[in-house]
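Letter by letter, the chains look like this.
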Amino acid sequence: MVIVLLRGLMRDSRHWAGFEQRLRELGHKVICIDVPGSGKLAQQSSPTVLQDYCPALITQIREQLAEIVSRDKQSELPTLHIVGLSMGGMLATLLARQLESEWLQSQVAVQDTQQVTQNVALKVAKVSLLNSSAGNLSPWYQRFKITGLLSAFKRQLLSPAAKPERCQHWSWFECYTLQLTSVLHHQNAKIIEDWSQYRHDNTTSLNDGARQLLAAARFSAPQLTCPLQVIVGREDKLVSTNCSENLSRFYGAELHVIDNAGHDVTLDKPREVAELLGG
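Bear in mind that the values here come from a model prediction, so they are computed numbers and not experimental data.

Next up on the list: empty space enclosed by the protein. Enumeration over the complete set of coordinates arrives at 1 cavity of 30 Å³ or more. There is about 60 Å³ of room inside the largest cavity. For the largest cavity, the full set of lining residues is M10, R11, D12, R14, H15, E174, Y198, R199, N202, T203 and T204. Of the residues in the lining of the largest cavity, the class split is 2 nonpolar, 4 polar and 5 charged.

A few words on helix α8 (residues 189-201). Taking 1.5 Å of rise per residue, the 13 residues of α8 would be expected to cover 18 Å, and the 18 Å separating its terminal C-alpha atoms lies within 8% of that figure. Along α8, the residues that are buried comprise I191, I192, W195 and S196. The buried residues of α8 all sit within an arc of 130° when viewed along its axis, so they share a single face. Away from the buried face of α8 by more than 90 degrees, exposed residues K190, H200 and D201 are located. The inward-facing, buried residues of α8 contact α7 (172-181) and α11 (265-268). With a side-chain oxygen positioned 3.0 Å from the backbone nitrogen of K190, the residue opening α8 is N188.

A few words now on the pairing of strand β5 (residues 228-233). Taking burial as the measure, the 6 residues of β5 include 6 buried ones, the bulk of the element. Here β5 shows no split at all, with L228, V230 and V232 on one side and Q229, I231 and G233 on the other all buried. Of the strand pairs in this sheet, strand β4 (residues 124-130) and β5 are connected by 4 bridges, and their pairing is parallel. Counterpart to S128 in the pairing with β5 is Q229.

Parameters at a glance
Residues numbered from 1 in each chain as written. Predicted model: local features only at pLDDT ≥ 70, side-chain atom pairs only at ≥ 80, totals over all residues. Heavy atoms only, no water. 1 Å grid on protein atoms, 1.4 Å probe; cavity = no way out; pocket = protein on both sides within 12 Å on 5 of 7 lines; lining within 4 Å. Points joined across faces, edges and corners; volume = space filled by probe spheres on them. Nonpolar A, V, L, I, M, F, W, Y, C, P; charged D, E, K, R; others polar. Helix = DSSP H or I, 4+ residues; strand = E, 2+ residues; numbered from the N terminus. Expected span 1.5 Å × (residues − 1). Buried < 20%, exposed > 50% of the residue type's maximum accessible area, 1.4 Å probe, protein only. Arc of directions from axis to C-beta. Contact = heavy atoms within 4.5 Å. Polar contact = N/O pair within 3.5 Å; in protein donor to acceptor, adjacent residues only side chain to side chain. Pairing = 2+ DSSP bridges.

Laid out in structure tokens, this is it:
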């Protein structure tokens, strides 16, 4: 099985902060993919409908699977465990639905094993949703907590990161993002420096960020048949934990609540999340 990691709004594969390496050290095969408008695909325009992100995501999965199959000399494609954080969780469900449909159709088709990474349907073994939400299950004010945004803004103004001598090379936006999304690392200088550099090197434009936000706001959770689990940080200041509870009920999935963790639950509690993903 291969774990596919997918980040959220205006984030990309660089923002896992070593979580992907932790999974690899535990023996997992890991793929990190980006959405159009972010990361390696920053030059592409972000669609305003989440379903339209899927072709680019599937292309990246197939390309990286091809490398794994070639490196490990495998005769068939491994199954996928799709893990999505926030908007990445929304995309994880849409990816799983599309791949489930393609897998069922492939069962009546003749498969060419010599072109395994190009023609054979990808099989989803599991989906994990981290601090995600859906418009058909939760109201907008739970999916996007205004009080959390204002509280994080106030904390940022009062934090050492707001002092000019500290933040000469720091992005104020990245400082604020950490204040909003992390409980344990909201003033972590190394992470702020790294993320500020990512933003300098290659960032999501405001236009693409707005398009991603619109796409996420329009999202409705689809029906799925594959196993699914929901993971939520109890101290999430951006998205209400009610959203994860609603997803858990909708899918009949187990809900795992992690204490002392915020929206970026893999940053705050990487060991606990890794254990749940490996189970």
